[in-house]
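# Remarks on the overall topology
Given next are the chains, with one letter for each unit.
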Amino acid sequence: MHAAALEETEAAAFRRRTPASARWHAEARAFLPGGDSRSTVFYQPYPAIMERGEGCRLHDLDGNVLLDFTGNHSSLVHGYGHPGVLDAVRAQLARGTAFPSGTRVQIDLARHLTRRIPSLDLVRFTNSGTEAAMLALRGARAFTGRNRVAKAEGGYHGSTDEFMVSTHPDVSAAGPVEVPRAVPASKGLPAEAVERVLVIPFNDAPAAVDLIEREREDLAAVFIEPVMGSAGMIPAERQYLVALREVTRKYGIVLVFDEVVSFRVAHGGAEEAFGVRPDLTVLGKLVGGGFPLGAFGGRRDIMALFDPSAGRPAIPHPGSYNANPVSLSAGLASLEALDHAAIAGLNRVGDAVRTACRTIFADAALPAQVTGLGSLFGIHLTDRTVRAWRDTVGADLGLRHRLFLALYNEGVLIDPRGVGAPSTAIGMAEVEQLATALRRIMLRLRPSADLPHPVGT
Ligand SMILES: Cc1ncc(COP(=O)(O)O)c(C=O)c1O
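Described below are features of the structure shown in this document. Since this is a predicted model, take the numbers as computed values, not measurements.

## A short note on the overall build of the protein
In terms of helices and strands, the protein carries 16 helices and 16 strands. Computed over its C-alpha atoms, the radius of gyration of the protein comes to 22 Å, within 12% of the 23 Å expected for a compact globule of 457 residues. Within the span of the protein, comprising 457 residues, buried residues form 57% of the whole. Of the roughly 19,000 Å² of accessible surface on the protein, 53% is carried by carbon and sulfur atoms. Positive and negative side-chain charges of the protein, numbering 48 and 49 respectively, have mean locations separated by a distance of 2 Å.

Okay, here's the thing in structure tokens:
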């Protein structure tokens, strides 16, 4: 079947399956730009709307049941409605949803995280990963007295000005691969914010170290995701993280690991998996157990800047819902259930997903790379080995979209960007369900001679 015809077929089947979502989406557009409040969950022809979830199954407005490999982009690590999380939340709801004071559950979660993550001496809670990254950067600036921040090309650290730079840049604007240019990922960013960003190549230690050395005098922090999430679950190579650790230590630059996505790869996060300790860590998504929560923390001397007890803190940290007890309760219950055995199980599922996808794509002669670490996986429809953002440029995004819709039509949900983060509610039977769906789709995709269209949509 011709590729364009296939898109028609999958989109038409999607429309037939989701008429209620279509109606509600059309209605939503009257009140919300694009019909929603989150750009990353939009896809064509319109995003389906979910009604409820249980374990690893989501039910959309039309009653389609979907095997969910997203967990709300990795945040629901135990799936929907985990009994322990629900009990903790109900108990907290009965006690109160927000107070003009700290709470015991805040202390409990802070103790849990600082015991669990080797580099975390002290921690602060926010409402999102975005806020946590913003405050970690402010902490690094205050600590070093410097202004600039380095981030990897393709890296994402939330939606504040500096971090909306070179998240998925157009290569024609992005300059040489070893000296990438800072490319705004949004309109409306102050030019000075973009100029303050040093973009470093991912997984190219000599080039990254060279750039950091050149800019060392005004560089406050290097932010890095041990597994680049929104770029497509691309893991860092250990020697790259080691090189960043060495150069930042040498020049007194704050090394920040953004573990919003990667925390789940080991009990103590990716820093434990890689054996590299940052100065600060940013957390989000799964730490809130399905509720809005972020956290940042690390070295005692840096975090002391947030301490108000000796007078005015160097860095005030106001926020009406900071450390919200409902989110903290959900997060604590979720993390307590995410013990060593649960992580080992997740990682086995992740390995099985990657292996199944690789085998099926190879059997279908589909040019594809499957990246990831632990339970995180990313599908890139390209014949190029993927070690950094630019390796994904030229991947067949049109085909990726068709694959996404085809999976939906088969009752399986992955992220429209081709990534996934299975929850502990997923076992080998569900991996087999994904594999069966993929095999059926590969039959529809034949002949494979039609496939390698290097389109970027
Ligand atoms: C690595 C990373 N850092 C930070 C963020 C921002 O977190 P939030 O969406 O909670 O603001 C995200 C969100 O996707 C992320 O993937």
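## A closer look at the environment of Leu338
With respect to the helices, strands and loops of the structure, Leu338 is situated in the loop between α12 (325–337) and α13 (340–363). Note on Leu338: relative accessible area 0%, which makes it buried. Considering only alpha carbons, one finds Leu338 and Leu286, 52 residues apart in sequence, at a separation of 9.9 Å. Excluding its chain neighbours within four sequence positions, the residues that come into contact with Leu338 are Val77, His78, Arg116, His267, Leu286, Ile343, Leu346 and Thr424.

## Examining the pattern of salt bridges
Inspection of the entire model under this criterion finds 22 salt bridges. One salt bridge in this structure joins Arg444 and Glu10, with 2.7 Å as the shortest N-O distance. Highlighted residues: Arg444 in helix α16 (residues 428–445) and Glu10 in helix α1 (residues 3–17), separated in sequence by 434 residues. Its relative accessible area of 25% is what places Arg444 among the partly exposed residues. Where Asp87 meets Arg90, a salt bridge forms, and the shortest distance between an N and an O atom there is 3.2 Å. With Asp87 and Arg90 both in helix α4 (residues 83–95) and three residues apart, this pair spans about one turn of that helix. Looking at Asp87, the relative accessible area reads 48%, which means it is partly exposed. What you see here is one network of salt bridges that share partners, running through Glu10, Glu410, Arg440 and Arg444.

## Considerations on the sheet that holds strand β2 (residues 57–60)
Pairing within the open sheet is mixed, and its four strands lie in the order β1-β2-β3-β15. In this open sheet, the two edge strands, each paired with only one partner strand, are β1 (50–54) and β15 (412–413). Across the sheet, α16 lies against β2, β3 (65–68) and β15, angled at about 110° from β3, the strand it touches most.

## Quick word on α16
With 18 residues, α16 extends 25 Å between its outermost C-alpha atoms, agreeing within 8% with the 26 Å of an ideal straight helix rising 1.5 Å per residue. Buried within α16 are the following residues: Glu430, Val431, Leu434, Ala435, Ala437, Leu438, Ile441, Met442 and Leu445. Seen along its axis, α16 keeps its buried residues to an arc of 160°; they face one direction. Opposite its buried face, α16 presents the exposed residues Ala429 and Leu443, each directed more than 90 degrees away.

## Details of the environment of Glu217
Examined against the element boundaries, Glu217 turns out to sit in the loop between α8 (205–215) and β7 (219–224). With relative accessibility at 69%, the residue Glu217 sits in the exposed group. In the structure, Glu217 is positioned 70 residues away from Asn147 in sequence and 9.4 Å away in space, judged by C-alpha atoms.

## Some details on the packing of helix α15 (residues 397–409) against α16
For the pair α15 and α16, the least separation of the axes is 10 Å and the interaxial angle reads 125°. Here α15 lies oblique to α16, going by the angle between them. Where α15 crosses over α16, the handedness of that crossing is right-handed. Packed against α15, whose contacting residues are Leu399, Leu403, Ala406 and Leu407, the element α16 presents Leu434, Ala437, Leu438, Ile441, Met442, Arg444 and Leu445 at the interface. Class assignment for the residues of the contact of α15 with α16 results in 10 nonpolar, no polar and one charged.

## A few points about the site of the ligand
The full set of residues close to the ligand is Ser128, Gly129, Thr130, Tyr156, His157, Gly158, Glu225, Asp258, Val260, Val261 and Lys285. Measuring from an oxygen atom of the ligand, one finds a backbone N or O atom of Gly129 at 2.8 Å. In this structure, an oxygen atom belonging to the ligand sits 2.9 Å away from a side-chain N or O atom of Lys285. Tallied by class, residues from the shell around the ligand come to three nonpolar, five polar and three charged.

The rules behind each value
Residues numbered from 1 in each chain as written. Predicted model: local features only at pLDDT ≥ 70, side-chain atom pairs only at ≥ 80, totals over all residues. Heavy atoms only, no water. Helix = DSSP H or I, 4+ residues; strand = E, 2+ residues; numbered from the N terminus. Rg over C-alpha atoms; globule rule 2.2 N^0.38 Å. Buried < 20%, exposed > 50% of the residue type's maximum accessible area, 1.4 Å probe, protein only. Areas by Shrake-Rupley, 256 points an atom, 1.4 Å probe, with all protein chains shown as cover. Lys, Arg positive; Asp, Glu negative; His and termini not counted. Charge placed at Lys NZ, Arg CZ, Asp CG, Glu CD. Contact = heavy atoms within 4.5 Å. Salt bridge = Lys/Arg side-chain N within 4 Å of Asp/Glu carboxyl O. Pairing = 2+ DSSP bridges. Axes fitted to C-alpha atoms, helices over the stretch in contact; angles between N-to-C directions. Expected span 1.5 Å × (residues − 1). Arc of directions from axis to C-beta. Parallel < 35°, antiparallel > 145°, perpendicular 65-115°, else oblique. Left-handed = near helix turned anticlockwise from the far one by under 90°. Nonpolar A, V, L, I, M, F, W, Y, C, P; charged D, E, K, R; others polar. Near = heavy atom within 4 Å. Polar contact = N/O pair within 3.5 Å; in protein donor to acceptor, adjacent residues only side chain to side chain.

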